Structures are given as C-alpha cells and as structure tokens.
Number of protein chains: 2
Amino acid sequence: MYELLYKKITENITITEAEFEFCKTLFQPKKLRRKRFLLGEGEVCKYTAFVEKGLLRSYIIDEKEAEYVLQFSMEGWWVADLSSFLTGEPSEFNIEALEDCELLLITRPSWSLLLEKIPAFERYFRILIEKNLIVTQRRLIASFTNTAEEKYQKLVQNFPHILQRVPQHMIASYLGITPETLSRVRGQMTARK
Amino acid sequence: MYELLYKKITENITITEAEFEFCKTLFQPKKLRRKRFLLGEGEVCKYTAFVEKGLLRSYIIDEKEAEYVLQFSMEGWWVADLSSFLTGEPSEFNIEALEDCELLLITRPSWSLLLEKIPAFERYFRILIEKNLIVTQRRLIASFTNTAEEKYQKLVQNFPHILQRVPQHMIASYLGITPETLSRVRGQMTARK
DNA sequence: CTTGTGTCAAGAAATAGCCTTGATCTGCGT
DNA sequence: ACGCAGATCAAGGCTATTTCTTGACACAAG
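Predicted model, so just to flag it, every value in this text is computed and none were measured. (Residues numbered from 1 in each chain as written. Chains lettered and ligands numbered in written order. Predicted model: local features only at pLDDT ≥ 70, side-chain atom pairs only at ≥ 80, totals over all residues. Heavy atoms only, no water.)

### Quick look at the interface of chain A and chain B
The interface of chain A with chain B comprises eight residues on the first partner and nine residues on the second. Taking both partners together, chain A and chain B bury about 700 Å²; carbon and sulfur atoms supply 27% of that area. Among the residues chain A hides against chain B, the three largest losses belong to R33, R36 and F37 of chain A. Together they make up 62% of the total. In this structure, E65 of chain A engages R33 of chain B in a salt bridge whose closest nitrogen and oxygen atoms are separated by 3.0 Å. (Contact = heavy atoms within 4.5 Å. Buried area = accessible area lost by both parts, 1.4 Å probe. Salt bridge = Lys/Arg side-chain N within 4 Å of Asp/Glu carboxyl O.)

Given below as structure tokens:
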C-alpha cells in the first residue's frame, strides 16, 4: 500500500527506514469509489491525500452552474485544496474520484507533526510545491498565449495516457476551451496526418 | 422551504409560531443532486436530514461488494445513520440521493439545543422513533415469514408510488431478494390477472 | 475581413444501467 | 428422497444517459 509513497518520497529526499515507518503511522488509507467525493464545496479540506491508485479531478462550479476542472491527480500525486487545508476555511473545490481510488490521507495535525519530527520533509514538500507552482505558472501563461490546439498538444505530450482515462469534455474544461472546440481541433489534427 | 417540516411536526405536537421560527434557525437547507451522497461509509454522520423534496436510499456494502438497501427516504421523512449520529463513530451507511433533493440538515449540537429549548420535540422525536421501530420490526418478521411475492405486495400496498421512482433492482435489494426473483414474481402476478 | 473560438442546436455514437429469461444449483421441510 | 422457493450464472435486449461531433452563426482581435 505504501510502496508508491516511499518511492516518491525517496526520489526527492533521503530518509531512514525507521523514519518512514513513523511516517506511515501518520497516514490513514482510504478507498474512494468512482464518482465519490473526497471534498465537496462548502466543506473544510481536512486531509491532504496521496494517490496510490486511481485518478481524481478537482473542479469548481461557478454561479452559472458551469464546471471548471483545475486539476487531474493521478498515481503518485498529491491532492487537496491547499488553501482550505492550511487556513481551515471552507473550500470551493470539489474533488471527485474519476476511477476507484486508493488514497493515503494525512490530517493537518499529523502533517505538522511529520514536518516537526522529520525536517527532511520540509524539503520534500518545498520541492513538491515548487514543481506545482512552476506547472501552474506555465498553465497560466499558456492560457494567455497558446491556441486551443497548442494547449491540447502540450497536454498530450505531458500526459499521453490521460486521454484514455478521462472524457474529452473534462479535458476541454481543464484546457479552458469548449468541448466543441476540442472536438474540432482533434478532427483537424488527425485529418492532417 | 419549511412548509413540509412544519406540517409534519404539527401533525404530532403543538408548537407556537415563535417556537417554529426558532426551530427553523437550527436547520441548514441543502440541495443534493441526484447520485450524490449525503453520507459515505467511513464518515461520521454529522447531520440528521429532513427530506423536503426528493428521494434517498440508505444502503450498506458488504465484503463481497454487494449492496443492501436498508431504507428509502422520501418527502416528509427523516434520514440519517442514527447510530453514527448519536455516538460519533464512523458510519457503515451510504446515503445517496436517487433524485435531486432538498434537505434540511440539523447537527447534533443544534438538535440537542432544540430538545432542550422546546421539550415538545422530545415527544415528537419519540413518536418518530416509535413508528420507525414498529416498521422495522415488521420488516424483520416479514423477512422470516413472507415469500418474495408477499413482501413485494406489501411494499406495493404501503408505497404504491415508489415503483415509479426507484429501479427494480433496488426494490429487490430492499426486500432481500434477487432482481431475478423480483422480475419473475412480477411476471407471474401480471400473468395471473 | 480573416482567424480563432464561443454559443446554440441537433444528432450520432458509445456506454452504462436496467430488466427479463433460461438453465442450473441449493437448502429446507415434508 | 422429492419438490419448492429462491439463489446463482449467463446471455440478451431495451432504454436512458453520457459523450462526442457537426453545422450554422456570432463576435472580438489582430
């Protein structure tokens, strides 16, 4: 159950076996069935989750009931509404399992304890957040400057398998384009080759 | 929004207008879309819900992933995992909206306050629980003594409209029979008349 | 005034959910 | 040991829902 977590951590920092054993005690495993929610708008995000297995999406719903996909989170990724997790304020996020998932949850207090007891995790999470920030910045820039096709191609490049795992309209939402546009872009691309 | 709640309460006890106004402040309205969950297994049941509109089912899932429907809850009914609500232990129940629902939620503390401030509610909830117990006892007995057809006929008698609102396989599960058996029983019944 | 994309509407295609039916098996009561 | 109620397994068909595509048109920005 914790293999992937161990792998991901030790890709970035060095910890002893004993430290990892301690680390494990702070997480609670949780299975989340497809279409169930890890977090719903209005709730406080009480956990940060490590995805051992499965795939989730984070999205918000605006006043017009339209959905905006912010993130897909797959094996080896972390998922939470960071803002709500840290401040304790109610979240606007919905985090939904798109496939049956196996998660490792950690609460705010356990997380603090982890950082306190094993300072190397400070470094681990810093690196994590850094990477996330960079990716998010890139997406922001892309949203200004790239065409629909460019955005789609980048996604395919970075996550070639995601197309088989999530419906196109969610991809479109993630890219900030309409499903119709995505459909046409794909049509043009295959027509060309 | 609170009409039905008022009606249901005053069917059983007498309260003043002011008292009902106070009562209203303790509930929070909540819309729950079809296929969404009010409660998932493993969570603590933080609310008891009054159903203003819609229909929900409570069910458990056993080790073999089989579902057992314990209850349907429709307009004017209350729904919760009483055990989890009272003890604060994690629930084994799943409570899912089968239709878009409008609910009135009350938390444990608000509920305690309600009972404390307006003792007539002690009586109201006692009556409610009594009725529920009686129905549950009847179902238990029926599960021993009745044939599949008898169980089905009783259901039709008591809740003639439920058939139009929930799929047969859920009815079967509620009756403790397989969907195949229910299908055959229905076939035989219509063949006879 | 062309290009990229959005909006609206309509269908087509694909998938999932639901119900039925037949064949076969099982436990229980007589 | 037999018969019956009901379970299980497997297949098929129907319906509803979800997903994707396409066309017609609007519109804003370069």
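### Considerations on a positive patch on the surface
Where like charges cluster on the molecular surface, the positive patch consists of R34 and K35 of chain A together with R34 and K35 of chain B. On the secondary structure map, R34 of chain B appears in the loop between strand 1 (28–32) and strand 2 (37–39). Looking at R34 of chain B, the relative accessible area reads 48%, which means it is partly exposed. (Patch = residues over 30% accessible without salt bridge, like charges linked within 9 Å, V, L, I, M, F, W, Y side chains within 5 Å. Areas by Shrake-Rupley, 256 points an atom, 1.4 Å probe, with all protein chains shown as cover. Lys, Arg positive; Asp, Glu negative; His and termini not counted. Charge placed at Lys NZ, Arg CZ, Asp CG, Glu CD. Helix = DSSP H or I, 4+ residues; strand = E, 2+ residues; numbered from the N terminus. Buried < 20%, exposed > 50% of the residue type's maximum accessible area, 1.4 Å probe, protein only.)

### Section: helix 8 (residues 168–175) of chain A
For the α-helix, the turn length of 3.6 residues means that residues three or four positions removed from each other point alike. All names here are of chain A. By the criterion of burial, helix 8 is predominantly enclosed, with six of the eight residues buried. Taken residue by residue, helix 8 has M170, I171, A172, S173, Y174 and L175 as its buried positions. Directly beyond the C-terminal end of helix 8, a positive phi value near 75° is found at G176.

### A word on the protein's contact with DNA strand C
Not every one of the 14 residues close to DNA strand C is listed here, only the nearest: A148 and T181 of chain A together with Q168, H169 and R184 of chain B. Per the 4 Å cut-off to the protein, sugar and phosphate atoms form 58% of the nearby atoms of DNA strand C. T181 of chain A is positioned with one of its side-chain polar atoms (N or O) 2.5 Å from a phosphate oxygen of DNA strand C. Here H169 of chain B contributes a backbone N or O atom positioned 3.3 Å from a phosphate oxygen of DNA strand C. Among the residues forming the surface near DNA strand C, the class breakdown is three nonpolar, seven polar and four charged. (Near = heavy atom within 4 Å. Polar contact = N/O pair within 3.5 Å; in protein donor to acceptor, adjacent residues only side chain to side chain. Nonpolar A, V, L, I, M, F, W, Y, C, P; charged D, E, K, R; others polar.)

### As for the packing of aromatic side chains
Counted by the stated rule, this structure contains 24 aromatic pairs over all chains. A ring pair is formed by W111 of chain A and F125 of chain A, whose centres lie 5.6 Å apart and whose planes are at 70°; its orientation type is edge-to-face. Of this pair, W111 of chain A sits in helix 4 (residues 108–117) while F125 of chain A sits in helix 5 (residues 120–145), placing them 14 residues apart in sequence. Across the pair, exposure class does not vary: W111 of chain A and F125 of chain A are buried alike. On the basis of an interplanar angle of 35° and a centroid distance of 6.2 Å, the ring pair of F121 of chain B and F125 of chain B is categorised as tilted. With F121 of chain B and F125 of chain B both in helix 5 (residues 120–145) and four residues apart, the pair spans about one turn of that helix. Above the ring of Y174 of chain A, the side-chain terminus of R139 of chain A is found at 3.9 Å from the ring centroid. (Phe/Tyr/Trp six-rings, centres within 6.5 Å; stacked < 30°, edge-to-face > 60°. Lys NZ or Arg CZ within 6 Å of the ring centre and 35° of its normal.)

### Some remarks on a nonpolar patch on the surface
All names here are of chain A. A cluster of nonpolar side chains, L82, L86 and I129, forms an exposed patch at the surface whose accessible area comes to about 250 Å². Checked against the element boundaries, L82 lands in helix 3 (residues 82–87). Relative accessible area serves as the criterion here: at 43%, L82 is assigned to the partly exposed category.

### Remarks on the sheet that holds strand 8 (residues 101–107) of chain A
All names here are of chain A. Ordered by their spatial adjacency, four strands build an open sheet running 1-8-3-6, and the pairing between neighbours is antiparallel. Whereas interior strands pair on both sides, the edge strands pair on one side only; in this sheet they are strand 1 (28–32) and strand 6 (78–79). The sheet contact formed by strand 3 (residues 47–53) and strand 8 spans six bridges and is antiparallel. What sits directly across from V51, in strand 8, is L103. (Pairing = 2+ DSSP bridges.)

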